[in-house]
Amino acid sequence: MPQVRDVLFIDGVRTAFGKAGPTGQFWRTRADDMAVKAVRELLRRNPTVAPERIGDVVLAATAQVGDQGLTLGRDVGLLAGLPDTVPGFAVDRMCAGALTAMTAAAGEIALGAVDVALAGGVEHMGHHPMGEDVDFNPRFVSERLIDESAAVMGRTAENLHDRFPALTKERADAFALASQQKAAHAWQNGVMRETVVPMAVFSDDGWKVAGRDEFLRPDTTLDGLAALKPAFRAGGRVTAGSSAGLTDGATAALLVSEEAARKLGVEPKLRLVGYAYAGVEPHLMGYGPVPATRRVLEQAGVTLDEIALFELNEPFAVQVLTWCDELGVAADDPRLNPYGGAIACGHPLAATGVRLVAQLAYGLRERGGRYGLTALCIGMGMGCAVLWENLQ
């Protein structure tokens, strides 16, 4: 049996995240070309990694149709100029697509199948709206296998408000405001310059550079958030202001074995310690990161107090607040999403995971600490948590 090897995170990049739809900056850009840009930039930033050394390319998409269909890892690899000898494949775990791509690639490295892998994701929600062309089996509802609200992420967020009355709209609005403020500060202070890749895109006004997230609202106020109407049901508490916008974007990460890192002369940022996926009631989708976090900490023998930084996805403020209350982490804990989150930058489903890891690596370098955690909830009632050790 081969000896299990350490898996190291070297680098991760993303495009700016654009507003989905005809007014968004990526409307006239193909999804696969966005992923190509992320892969090419990753290789440009790491010139000692010869393309032929890459053992596999794993890319995720939730809507695997149209310009993000076929076998994305292989297609994007070829479009990015990788040799014919480099294989690739596609994965789908909805919002955890990119993290699943990373853990799948990590398994290949850990068992010695490959030494170097690229992993990431892309989602063009403008070209492929959530749920489009999906034929849900009627048995899900007719046989009461799931509550019908499970198919709509915003309704599952309302379900969390219902299940946990302490999670008020006021708390959600306050969290959303903090996310916008932290993201604005991060952009202003150059934090995103290390991870966001500017990309030339064609628009109705000709060529321009997409280099900034389009959902940033630095002028957000509590009064403005309080005045917004419910987005998913009458009398509800979830609004556009406390939700991540529908977004287009792509990400890519470079993972290697410890031996490959030495041979290639690349400096690792993080070591993968462990990961866990968990299932919960589908209509309480946002609860998923709670058992996933508990599971990965138990596996690794690490306590929550030992975690120096948390990067949680923010599809809805109430979802992060659920995790906070259940695990005993204050919503304003300085370890939690110090550079803002998806409420400010957007959540292009299968692409998001690498954004979380790249921001975690940056934060651990700047702030110190041994361990960091990335976690998110997943459609149809799942959660993911990945534990990393800081090597910087």
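To be clear, the structure that these remarks concern was listed above.
A few points on the structure. The structure presented is a predicted model; accordingly, all values stated were derived computationally and were not measured. (Residues numbered from 1 in each chain as written. Predicted model: local features only at pLDDT ≥ 70, side-chain atom pairs only at ≥ 80, totals over all residues. Heavy atoms only, no water.)

**Regarding the overall build of the protein**
Right, on to step 1. Within the protein, the regular secondary structure consists of 12 helices and 13 strands.
Right, on to step 2. By the compact-globule yardstick of 21 Å for 392 residues, the protein fits well, its C-alpha radius of gyration being 20 Å.
Right, on to step 3. Overall, the protein is about 60 × 55 × 50 Å in size when its C-alpha atoms are taken along their principal axes.
Right, on to step 4. Here the protein holds 392 residues, and the buried ones make up 59% of them.
Right, on to step 5. Of all intrachain contacts in the protein linking residues separated by at least 6 positions in sequence, the fraction that spans at least 24 positions is 80%.
Right, on to step 6. In the form shown here, the protein has an accessible surface area of approximately 15800 Å², with 52% of it arising from carbon and sulfur atoms.
Right, on to step 7. Averaging the positions of the 37 positive and the 47 negative side-chain charges in the protein gives two centres separated by 2 Å. (Helix = DSSP H or I, 4+ residues; strand = E, 2+ residues; numbered from the N terminus. Rg over C-alpha atoms; globule rule 2.2 N^0.38 Å. Buried < 20%, exposed > 50% of the residue type's maximum accessible area, 1.4 Å probe, protein only. Contact = heavy atoms within 4.5 Å. Areas by Shrake-Rupley, 256 points an atom, 1.4 Å probe, with all protein chains shown as cover. Lys, Arg positive; Asp, Glu negative; His and termini not counted. Charge placed at Lys NZ, Arg CZ, Asp CG, Glu CD.)

**Some words on the packing of helix 5 (residues 153-163) against helix 10 (residues 317-327)**
Think of two packed helices as two axes; the pair is described by the angle between the axes and how far apart they sit.
Right, on to step 1. Where helix 5 meets helix 10, the closest approach of the two axes is 9 Å, and the angle between their N-to-C directions is 40°. Judged on the interaxial angle alone, helix 10 and helix 5 are oblique. Judged by the twist between their axes, the crossing of helix 5 over helix 10 is left-handed. Between helix 5 and helix 10, the residues in contact are Ala 157, Leu 160 and His 161 and Val 318, Gln 319 and Thr 322, respectively. (Axes fitted to C-alpha atoms, helices over the stretch in contact; angles between N-to-C directions. Parallel < 35°, antiparallel > 145°, perpendicular 65-115°, else oblique. Left-handed = near helix turned anticlockwise from the far one by under 90°.)

**Looking at the environment of Leu 264**
Right, on to step 1. With respect to the element layout, Leu 264 can be found in helix 8 (residues 258-264).
Right, on to step 2. Once the C-alpha coordinates of Leu 264 and Thr 103 are considered, the two residues, 161 residues apart in sequence, prove to be 22 Å apart.
Right, on to step 3. Not counting the four nearest positions on each side in its chain, Leu 264 is found in contact with Thr 48, Val 49, Arg 53 and Val 116.

**Focus: the layout of surface pockets**
Right, on to step 1. Taken as a whole, the largest pocket encloses approximately 470 Å³ of empty space.
Right, on to step 2. Along its surface, the largest pocket is lined by 23 residues, and Thr 62, Met 94, Met 130, Gly 131 and Val 134 are the ones closest to its centre.
Right, on to step 3. Of the residues that constitute the lining of the largest pocket, the class distribution is 14 nonpolar, 5 polar and 4 charged. (1 Å grid on protein atoms, 1.4 Å probe; cavity = no way out; pocket = protein on both sides within 12 Å on 5 of 7 lines; lining within 4 Å. Points joined across faces, edges and corners; volume = space filled by probe spheres on them. Nonpolar A, V, L, I, M, F, W, Y, C, P; charged D, E, K, R; others polar.)

**Observations regarding the packing of aromatic side chains**
Two descriptors summarise a pair of aromatic rings, namely the distance from one centre to the other and the angle between the planes of the rings.
Right, on to step 1. Within this structure, the stated rule accounts for 7 aromatic pairs.
Right, on to step 2. Arranged with centres 6.1 Å apart and planes meeting at 65°, the rings of Phe 9 and Trp 388 form a pair that is edge-to-face. Note that Phe 9 is positioned in strand 1 (residues 7-15) and Trp 388 in strand 13 (residues 382-390), a separation of 379 residues in sequence. Take Phe 9 and Trp 388: they sit in the same class, and that class is buried.
Right, on to step 3. Taking the centre distance of 5.4 Å and the plane angle of 70° together, the rings of Phe 202 and Trp 207 count as edge-to-face.
Right, on to step 4. Trp 207 gets classed as exposed once you look at its relative accessible area, which sits at 63%.
Right, on to step 5. The positively charged end of Arg 14 is found above the aromatic ring belonging to Phe 17, 4.3 Å away from the centroid. (Phe/Tyr/Trp six-rings, centres within 6.5 Å; stacked < 30°, edge-to-face > 60°. Lys NZ or Arg CZ within 6 Å of the ring centre and 35° of its normal.)

**Brief notes about the environment of Gly 66**
Right, on to step 1. Among the structural elements, Gly 66 can be located in the loop between strand 3 (56-60) and helix 2 (72-79).
Right, on to step 2. Expressed as a C-alpha distance, the spacing of Gly 66 and Ala 231, which sit 165 residues apart in the sequence, is 29 Å.

**A few points about unusual backbone geometry**
Right, on to step 1. Of note in the backbone geometry, Arg 144 takes a positive phi value of approximately 55° without being a glycine.
Right, on to step 2. Along the chain, Arg 144 turns up in the loop between helix 4 (139-142) and helix 5.
Right, on to step 3. Take Arg 144: its relative accessible area is 76%, and that puts it in the exposed class.
Right, on to step 4. Despite not being glycine, Asn 337 has its phi angle at roughly 45°, a positive value.
Right, on to step 5. Considering the arrangement of structural elements, one finds Asn 337 in the loop between helix 10 and helix 11 (342-345).
Right, on to step 6. Residue Asn 337 is classed as buried on the basis of its relative accessible area, which comes to 0%.

**Some remarks on the packing of helix 9 (residues 289-300) against helix 10**
Right, on to step 1. One way to put it is that helix 9 packs onto helix 10 with a least axis distance of 9 Å and a crossing angle of 45°. Here helix 9 lies oblique to helix 10, going by the angle between them. For the element pair helix 9 and helix 10, the recorded crossing hand is right-handed. Contacts between helix 9 and helix 10 pair Pro 289, Val 290, Thr 293 and Arg 294 from the former with Gln 319, Thr 322, Trp 323, Glu 326 and Leu 327 from the latter.
Right, on to step 2. Here the contact of helix 9 with helix 10 is composed, by residue class, of 4 nonpolar, 3 polar and 2 charged.

**Observations regarding the pairing of strand 13**
Right, on to step 1. Of all 9 residues in strand 13, 8 are buried, a share of seventy percent or more.
Right, on to step 2. Of the strand pairs in this sheet, strand 10 (residues 270-279) and strand 13 are connected by 9 bridges, and their pairing is antiparallel. Note on strand 13: the bridge partner recorded for Ala 278 is Gly 383.
Right, on to step 3. Note: strand 12 (residues 371-378) against strand 13, 8 bridges, orientation antiparallel. (Pairing = 2+ DSSP bridges.)

**Focus on the state of the cysteines**
Right, on to step 1. Across all of its chains, the model carries 0 disulfides by this definition.
Right, on to step 2. Among the cysteines around Cys 345, which has no disulfide bond, Cys 95 carries the closest sulfur, lying 13 Å off.
Right, on to step 3. Classification of Cys 345 as buried rests on a relative accessible area of 5%.
Right, on to step 4. With no disulfide partner, Cys 384 has as its closest neighbouring cysteine sulfur the one in Cys 377, 11 Å distant. (Disulfide = S-S within 2.5 Å.)

**A closer look at the nonpolar core**
Right, on to step 1. In terms of nonpolar packing, the biggest core is built from 46 residues, with Ile 307, Phe 310, Trp 323, Leu 336, Leu 373 and Leu 387 touching the most fellow members.
Right, on to step 2. Going through the elements one at a time, helix 5, helix 6 (169-188), strand 10, helix 9, strand 11 (307-312), helix 10, strand 12 and strand 13 are the ones with two or more residues in this core.
Right, on to step 3. The element contributing the most residues to this core is helix 10, with 7 residues.
Right, on to step 4. Trp 323 has contacts with Pro 289, Val 290, Thr 293, Phe 310, Leu 312, Val 329, Leu 336 and Leu 373, leaving out every residue within four places of it along the chain. (Core = buried A, V, L, I, M, F, W, Y, C linked by side-chain atoms within 4.5 Å.)

Nothing here speaks to function; it is all geometry.
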